[in-house]
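Overview (structure and organization)
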Amino acid sequence: MISERPAPPAHIGIFQLLNGAHVAGTVSCLAQLGIPDLIEAAPKSAEELATQIGADPQALYRLMRATAGAGVLSEGPEGKFSQTPMSTVLRSDASPSLRSLAIMGGREWHGRGWSHLEYCVRTGKPALEKIYGAPIFEYLKQHPEEAQIFNHAMTQISMIDSPAVADAYNFDGIRSIVDIGGGHGLLLATILKRNPQMKGTIYEVPHVLEGAKSGPLKPVMDRCTFASGDMFCSVPADADAYIMKHIIHDWPDDRCVQILKACRKGVNAGGRVLVVDCIIHPANDFSPSKFLDLQMLIFPSGCERTEKQFRALFAAAGWQLSRIIPTAAADSIIEGLPD
């Protein structure tokens, strides 16, 4: 008979939770230094790597030892570090790769945002406007290097989400689709490749569209058009479907209603709207989406939503929530039909 291990004391549990910030910081630093790329071919010691990247050998060893303790690297008996499945995901050439997402988590603006969570909770306002005097997307526009990291991180997430969306939803009968806020177009490209009957439009701000023209959409460029404008006022008209991934969760309800109303005005008869986002379930479980919801409060002043909240949002914009389709990723596809 195997006896169950008792739950740790409450103070130990809190220690473990607080240590999560330290673990995330070490993983972010490891990714920024490019260590997983440098040990791809063969294990290396901290001394070898320090010479290669211009770092203090002892400090680098301490960083790598810590990440090895979390399973992100593996330290051998001779003090050389090698890859693990988790460090592989932090390589720049991995598929999927989360390197840029890890780097973004260690950037100053990201850390300062989380340090102002109390302000956000007390006021309901995003932190970056208080810290930098500009909302997140304006801040990124003013800081191209940070915008590049952010865009790469979103593309890397899309490499996981996009196939899951294309697998989960039946696009038969849809001949035209508009991807609103589609970034560099990976989701739209994935959908178009699997649905040769379909034409697509990527709808983005001008500086993002420039990157999209030389990105994942190149193989389907003959069936793709590019458009820019203000999604809160209008979207390209006469589409069978509008899709938006990780857009609605960026904005408060009134702004989301504006986007959804623009889609309702532009959609063809019998068309639909597809919102790809997390669904918050009202349960006392450990769900990453609940912590992502706090990140939406800190940065773009949006939120993750429950099914009930999505139904109300859709109804206010002239849509009826018809079904929620889970995907193999963390997101669901919330489908709306004209009301």
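Located above this text is the structure these notes cover.
Structural notes, computed from the coordinates. (Residues numbered from 1 in each chain as written. Predicted model: local features only at pLDDT ≥ 70, side-chain atom pairs only at ≥ 80, totals over all residues. Heavy atoms only, no water.)

1. Some thoughts on the packing of helix H3 (residues 46-53) against helix H4 (residues 57-69)
Put simply, H3 and H4 touch, their axes get as near as 9 Å, and they point 115 degrees apart. Like other packed secondary-structure pairs, H3 and H4 cross with a definite hand, here right-handed. The segment H3 lies against H4, with Ala46, Glu47, Leu49, Ala50 and Ile53 engaging Pro57, Leu60, Tyr61 and Met64. Taken together, the residues of the contact of H3 with H4 break down into eight nonpolar, no polar and one charged. (Axes fitted to C-alpha atoms, helices over the stretch in contact; angles between N-to-C directions. Helix = DSSP H or I, 4+ residues; strand = E, 2+ residues; numbered from the N terminus. Left-handed = near helix turned anticlockwise from the far one by under 90°. Contact = heavy atoms within 4.5 Å. Nonpolar A, V, L, I, M, F, W, Y, C, P; charged D, E, K, R; others polar.)

2. Looking at helix H15 (residues 288-298)
What H15 keeps buried is the set Ser289, Met296 and Ile298. Buried residues of H15, seen end-on, are gathered within an arc of 160 degrees and therefore sit on one face of the element. Summarising the contacts, the buried residues of H15 are in contact with helix H7 (108-115), helix H8 (117-123) and helix H9 (127-132). (Buried < 20%, exposed > 50% of the residue type's maximum accessible area, 1.4 Å probe, protein only. Arc of directions from axis to C-beta.)

3. A closer look at the sheet that holds strand S9 (residues 319-326)
Spatial strand order, S6-S5-S4-S7-S8-S10-S9: seven strands in an open sheet with mixed pairing. With one partner strand each, in any of the chains shown, strand S6 (224-227) and S9 form the two edges of the open sheet. When strand polarity is set aside, the average angle formed by the axes of neighbouring strands in this sheet is 20 degrees. Pairing between strand S4 (residues 176-180) and strand S7 (residues 239-245): three bridges, direction parallel. In the sheet register, Val178 faces S7, and the bridge partner there is Tyr242. Of the strands in this sheet, S4, strand S5 (199-203), S6 and S7 touch helix H12 (residues 186-194), which is tilted by about 180 degrees from S5. (Pairing = 2+ DSSP bridges.)

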